[in-house]
Amino acid sequence: MTQSQKTLWYAVLFAVGVVLVVLGILEYLGPYWSGLGGTLAGVAGIRLIQAWRYHNDPAYAKKLDTAHTDERNVFVANKAADLTFRVSVLVLAVLSVVLRALGHTDTASTLAIVVGAQTLGYFVSYLALSRKY
Amino acid sequence: MNNRIAELRDDHQLTQQMLADEVGVSRQTIISLERGKYNPSILLAHKIAARFGLSIEDVFLFEEDE
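Residues numbered from 1 in each chain as written. Chains lettered and ligands numbered in written order. Predicted model: local features only at pLDDT ≥ 70, side-chain atom pairs only at ≥ 80, totals over all residues. Heavy atoms only, no water.

Some points on the packing of aromatic side chains
All names here are of chain A. Counting across every chain of the model gives five aromatic pairs over all chains. Between the aromatic rings of Tyr32 and Trp33, the centroid separation amounts to 5.1 Å while the plane-to-plane angle is 85°, which identifies the pairing as edge-to-face. A relative accessible area of 42% means that Trp33 is categorised as partly exposed. An angle of 25° between the planes, with centres 6.3 Å apart, marks the rings of Phe85 and Tyr122 as stacked. In this pair, Phe85 sits in helix α4 (residues 71-101) while Tyr122 sits in helix α5 (residues 105-132), placing the two residues 37 residues apart along the sequence. Judged by relative accessible area, Tyr122 falls into the partly exposed class, the value being 40%. Through a chain of ring-to-ring contacts, three or more aromatic side chains come together here, namely Phe85, Tyr122, Phe123 and Tyr126. (Phe/Tyr/Trp six-rings, centres within 6.5 Å; stacked < 30°, edge-to-face > 60°. Buried < 20%, exposed > 50% of the residue type's maximum accessible area, 1.4 Å probe, protein only. Helix = DSSP H or I, 4+ residues; strand = E, 2+ residues; numbered from the N terminus.)

Structure below.
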């Protein structure tokens, strides 16, 4: 995705977020949707500001380009994603067992399915990447 | 893995930022390399060694137990 395509995408997300917030304020939608809209508008707004700075500040653009391609930064980001995945699977699995013991069978089953799907997703990704590399 | 980056940088009168710009990484990466906290890819090791006109083995010091 090019920088201008990204900017367009974030502008669309920002607009959708603002519309959801406005519809929430006018009470056409519930707090769930206006909350989601607020989050969407906030994140997309920050990205739009970053995109604006990228186009107007060459020093910032260079810094951002280096940050995106810097191998240590990529290594750290991958490590963080790896750790987050491992911890979240473990937490969800433990939570599933605890909820099952407390009698919340439906929620426990849903969490167990999510853990299973994540684990399966990992193995499928592993097999696909093994063939690629 | 130890390395001689700080020493070579000093010899060539390069700042961490200058070396970082020349090999296309952030200054933080150079700092981590010099402190031995991060091991570079073979490509980055090659770029750094080439910048000083040396081979990878002259800059990065491998140890037996690694």
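So, α4 of chain A
Since there are 3.6 residues in each turn of an α-helix, residues three or four apart along the chain are aligned in direction. Residue and element names in this part refer to chain A. The end-to-end C-alpha distance of α4, which contains 31 residues, comes to 45 Å, matching closely the 45 Å that a straight helix rising 1.5 Å per residue would cover. When we look at burial in α4, the residues that qualify are Glu71, Arg72, Val89, Leu92, Ser96 and Leu99. Positive phi shows up at Gly103, right after α4, with a value of about 95°. (Expected span 1.5 Å × (residues − 1).)

Describing the nonpolar core
Residues and elements named next belong to chain B. Judged by nonpolar contacts, the single largest core of 19 residues is most densely connected at Ile48 and Phe60. Looking at this core, the elements that each hand over two or more residues are α1 (5-11), α2 (16-23), α3 (27-34), α4 (42-51) and α5 (56-59). Of all the elements, α4 adds the most residues to this core, at four residues. The residues contacting Ile48, other than those within four sequence positions of it, are Ile5, Val23, Leu33, Val59 and Phe60. (Core = buried A, V, L, I, M, F, W, Y, C linked by side-chain atoms within 4.5 Å. Contact = heavy atoms within 4.5 Å.)

Some points on unusual backbone geometry
The phi angle at Glu27 of chain A is positive, at roughly 65°, despite the residue not being glycine. Turning to its location among the elements, Glu27 of chain A is positioned in the loop between α1 (3-25) and α2 (31-56). Unusually for a residue other than glycine, Gln13 of chain B sits at a positive phi of about 55°. Locating Gln13 of chain B in the fold gives a position in the loop between α1 and α2.

A short note on the confidence of the model for chain A
Averaged over chain A, the pLDDT score is 93; the fraction of residues at 70 or greater is 100%. Within chain A, the element-level pLDDT minimum falls on helix α3 (residues 58-69) of chain A, averaging 85, and the maximum on α4 of chain A, averaging 96. (pLDDT = per-residue confidence, 0-100.)

Considering a nonpolar patch on the surface
A surface patch of nonpolar side chains, about 480 Å² in accessible area, is lined by Phe14, Val18, Val22, Leu26 and Tyr28 of chain A. As for its position among the elements, Leu26 of chain A is in the loop between α1 and α2. (Patch = residues over 30% accessible without salt bridge, like charges linked within 9 Å, V, L, I, M, F, W, Y side chains within 5 Å. Areas by Shrake-Rupley, 256 points an atom, 1.4 Å probe, with all protein chains shown as cover. Salt bridge = Lys/Arg side-chain N within 4 Å of Asp/Glu carboxyl O.)

With respect to the pattern of salt bridges
Evaluation of the coordinates by the stated rule reveals five salt bridges over all chains. When the shortest N-O distance is used, the salt bridge between Arg53 of chain A and Asp57 of chain A registers 3.8 Å. Of the residues examined, Arg53 of chain A reaches a relative accessible area of 37% and is grouped as partly exposed. Here Asp57 of chain A falls in the partly exposed class, since its relative accessible area comes to 26%. Here Arg4 of chain B and Glu7 of chain B are joined by a salt bridge, their closest N and O atoms 3.2 Å apart. Its relative accessible area of 24% is what places Arg4 of chain B among the partly exposed residues.

Description of the packing of α4 of chain A against α5 of chain A
Residues and elements named next belong to chain A. The contact between α4 and α5 brings their axes to 8 Å, and the two run at 155°. Judged by the angle between their axes, α4 and α5 are roughly antiparallel. Once α4 is placed against α5, the crossing between them reads as left-handed. Between α4, through Phe85, Ser88, Val89, Leu92, Ala93, Leu95, Ser96, Leu99 and Arg100, and α5, the contact on the second element is made entirely by Thr105, Thr107, Ala108, Leu111, Ala112, Val114, Val115, Gln118 and Tyr122. Tallied by class, residues from the contact of α4 with α5 come to 12 nonpolar, five polar and one charged. (Axes fitted to C-alpha atoms, helices over the stretch in contact; angles between N-to-C directions. Parallel < 35°, antiparallel > 145°, perpendicular 65-115°, else oblique. Left-handed = near helix turned anticlockwise from the far one by under 90°. Nonpolar A, V, L, I, M, F, W, Y, C, P; charged D, E, K, R; others polar.)

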